[in-house]
Amino acid sequence: MPTEPDAPPLVEVTRCPGCDSAQRTEVLAPHGGIAIVKCDACGLVHATHGFAPRFLDAHYGDRVHTQAKVVGPRPGSERKRPPLALYQQLSGNRLRPAPAGGRALDIGCNTGLLLDLLREAGYQTVGIERSPAASEAHAAGHQVHALDIESDVELSERFDLITMTHVLEHLRRPGAALRWIRAHLRPSGFAVIEVPNWDDLARPLWGARYRPLELGDHLTFFQRQTLADLARGAGLRVHALWSAPKARSLIFPSMLTGVDLGVQWLRRGGKAASANDGAVGVASARVGGGGNRLRRAAVSAVLHGLDRLDPVLERVTGPDWSRGANLVAVVELGPSA
């Protein structure tokens, strides 16, 4: 959670983002002016405040970047292959290869790395991104819109596949976003929605300081039941719901949180800590880019090592375990669509 003087101001959330009820019970005491509460009506966990929406470029809106030269997957897209393989499994192997003329939309596509792999699978690719990262997705050959899916703005096209990973928890009207997805699915299409899991096994160990909570940025904290209920309320049928453990997401966020707390402890240590911080700063300046590369290599080695533990975890917990760090829902049009 940012603490800089220029951090965005907090905006109060007075009603449940899921059902609009004002009745709630505190489940996590305020930290940095933000408490976490549970709706008494629908059970959805949400924050009491969030950062004010970021000011977007004056030209943002429903801006569309036209198709550029198509290129292959970029090196960074390789890290998207494991989640894509999971989505393929959860969808019943419907994700790839793409159907004839298949179109895929990634909401919150950032620089378009997931779109690279969807294009490789045979889809015509479209993204939604309201940050400057949209220019990179466009340069990689993807069509990009900069629109707000919580509004009534619609696209004229429909999609065989819609992905939305780690976006829904940021939105003030998550139900409206799911209704938008429903309105843009083809009859045989489906969507993959991934969010952090409030029932994450490691979360209670760290309280409000747990790195994945991202207080201020994250407004809603989903559990299996509340995500399924919100999807059904938007007219979507839940095909699969997954929250099994992955070693990197079970362990690495706690490691990062521990580092955060260690840095804060040093900063509160007075003159000795200040001197130490200065020494670290000088050392960092000396190693420069080489130090950054070394840190990236070390992090990559740790993550790859953790990935090797996944088969063991799956055998121990089983596929329906509810305490993993991430929650993935595969949804499709409901009976009334």
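Placed above this text is the structure.
Definitions and limits used
- Residues numbered from 1 in each chain as written.
- Predicted model: local features only at pLDDT ≥ 70, side-chain atom pairs only at ≥ 80, totals over all residues.
- Heavy atoms only, no water.
- Helix = DSSP H or I, 4+ residues; strand = E, 2+ residues; numbered from the N terminus.
- Buried < 20%, exposed > 50% of the residue type's maximum accessible area, 1.4 Å probe, protein only.
- Contact = heavy atoms within 4.5 Å.
- Areas by Shrake-Rupley, 256 points an atom, 1.4 Å probe, with all protein chains shown as cover.
- Phe/Tyr/Trp six-rings, centres within 6.5 Å; stacked < 30°, edge-to-face > 60°.
- Lys NZ or Arg CZ within 6 Å of the ring centre and 35° of its normal.
- Polar contact = N/O pair within 3.5 Å; in protein donor to acceptor, adjacent residues only side chain to side chain.
- Core = buried A, V, L, I, M, F, W, Y, C linked by side-chain atoms within 4.5 Å.
- Pairing = 2+ DSSP bridges.
- Salt bridge = Lys/Arg side-chain N within 4 Å of Asp/Glu carboxyl O.

Engineer: Go over the overall build of the chain, please, and point to the residues and values.
Structural biologist: The helix and strand tally for the chain stands at 9 helices and 14 strands. In the chain, which comprises 337 residues, the proportion classed as buried is 45%. Once local pairs closer than 6 in sequence are excluded, the contacts in the chain between residues at least 24 apart make up 71%. Total accessible area computed for the chain in this model is approximately 16,800 Å², and 56% of it derives from carbon and sulfur atoms.

Engineer: So what's going on with the packing of aromatic side chains? Residues and values would help.
Structural biologist: Overall, the coordinates contain 1 aromatic pair when judged by the stated rule. For the pair tryptophan 198 and phenylalanine 221, a centre-to-centre distance of 5.6 Å together with 50° between the ring planes defines the contact as tilted. Here tryptophan 198 is found in the loop between strand 11 (185-196) and helix 5 (203-206), whereas its partner phenylalanine 221 is found in strand 12 (residues 220-221), with 23 residues between them in sequence. Take tryptophan 198 and phenylalanine 221: they sit in the same class, and that class is buried. Just above the ring of tryptophan 198 sits the side chain of arginine 203; from NZ or CZ to the centre is 3.6 Å.

Engineer: Account for the side chain of histidine 218, with residues named and values stated.
Structural biologist: Along the polypeptide, histidine 218 turns up in the loop between helix 5 and strand 12. Given a relative accessible area of 3%, histidine 218 falls into the buried group. Not counting residues up to four positions away in its chain, the partners in contact with histidine 218 are Ala47, Glu169, His170, Pro196, Pro212 and Leu213.

Engineer: Can you tell me about the side chain of threonine 48, naming the residues and giving the values?
Structural biologist: Its place among the elements puts threonine 48 in the loop between strand 4 (45-47) and strand 5 (49-51). Within the local environment of threonine 48, its side chain forms a polar contact with the side chain of histidine 49, the two groups lying 2.9 Å apart. Excluding residues within four positions of it along the chain, threonine 48 makes contact with Val11, Glu12, Val13, Arg24, Gly33, Ile34, Ala35 and Val37.

Engineer: Outline the nonpolar core, listing residues and values.
Structural biologist: If you look at the biggest cluster of nonpolar residues, it comprises 36 residues, and the most contacted ones within it are Ile107, Ile149, Met164, Leu168, Leu178, Trp180 and Ile181. Sorting the residues of this core by element identifies strand 7 (103-107), strand 8 (124-128), strand 10 (159-165), helix 4 (174-183), strand 11, helix 6 (224-233), strand 13 (236-242) and strand 14 (326-333) as the ones contributing at least two each. Not counting chain neighbours up to four residues away, the residues in contact with isoleucine 107 comprise Ile128, Ile149, Ile162, Thr163, Met164, Thr165, Val167, Trp180 and Ile181. With 25 residues, the next largest nonpolar core counts Leu118, Ala137, Ala240 and Val328 among its residues.

Engineer: Got a sec to walk through the sheet that holds strand 3 (residues 34-39)? Specific residues and values, please.
Structural biologist: Taken in spatial order, the 4 strands of this open sheet run 2-3-4-12, and their pairing is antiparallel. Taken across any chain shown, the strands that pair with only one partner, and hence form the sheet edges, are strand 2 (24-31) and strand 12. Of the strand pairs in this sheet, strand 4 and strand 12 are connected by 2 bridges, and their pairing is antiparallel. When the sheet's bridge partners are listed, histidine 46 is paired in strand 12 with threonine 220.

Engineer: If you had to explain the environment of alanine 244 to someone new, which residues and values would you point to?
Structural biologist: Looking at the secondary structure, you find alanine 244 in the loop between strand 13 and helix 7 (247-267). Separated by 81 residues in the primary sequence, alanine 244 and alanine 325 place their C-alpha atoms 8.0 Å from one another.

Engineer: Tell me about the environment of isoleucine 149, and name the residues and values.
Structural biologist: Structurally, isoleucine 149 can be placed in the loop between strand 9 (143-145) and strand 10. Along the primary structure isoleucine 149 and alanine 176 are separated by 27 residues, whereas in three dimensions their C-alpha atoms are 7.5 Å apart. What isoleucine 149 contacts, discounting residues up to four positions off in sequence, is Ile107, Ile128, Met164, Leu171, Ala176, Ala177 and Trp180.

Engineer: Please provide a residue-by-residue account of the pattern of salt bridges, values included.
Structural biologist: Scanning the entire structure with this criterion turns up 10 salt bridges. Ionic pairing is found between arginine 103 and glutamate 157, a salt bridge with its closest N-O pair at 2.5 Å. Of this pair, arginine 103 sits in strand 7 while glutamate 157 sits in the loop between strand 9 and strand 10, and the two are 54 residues apart along the sequence. For the salt bridge of arginine 186 with aspartate 160, the shortest nitrogen-to-oxygen distance reads 2.6 Å. With a gap of 26 residues between them, arginine 186 in strand 11 and aspartate 160 in strand 10 connect regions that are remote in the sequence. We classify arginine 186 as partly exposed; its relative accessible area is 26%. For aspartate 160, a relative accessible area of 11% gives the class buried. Counted as one network, the salt bridges with shared partners bring together Arg74, Asp116 and Arg119.

These values are about where atoms sit, not about what they do.
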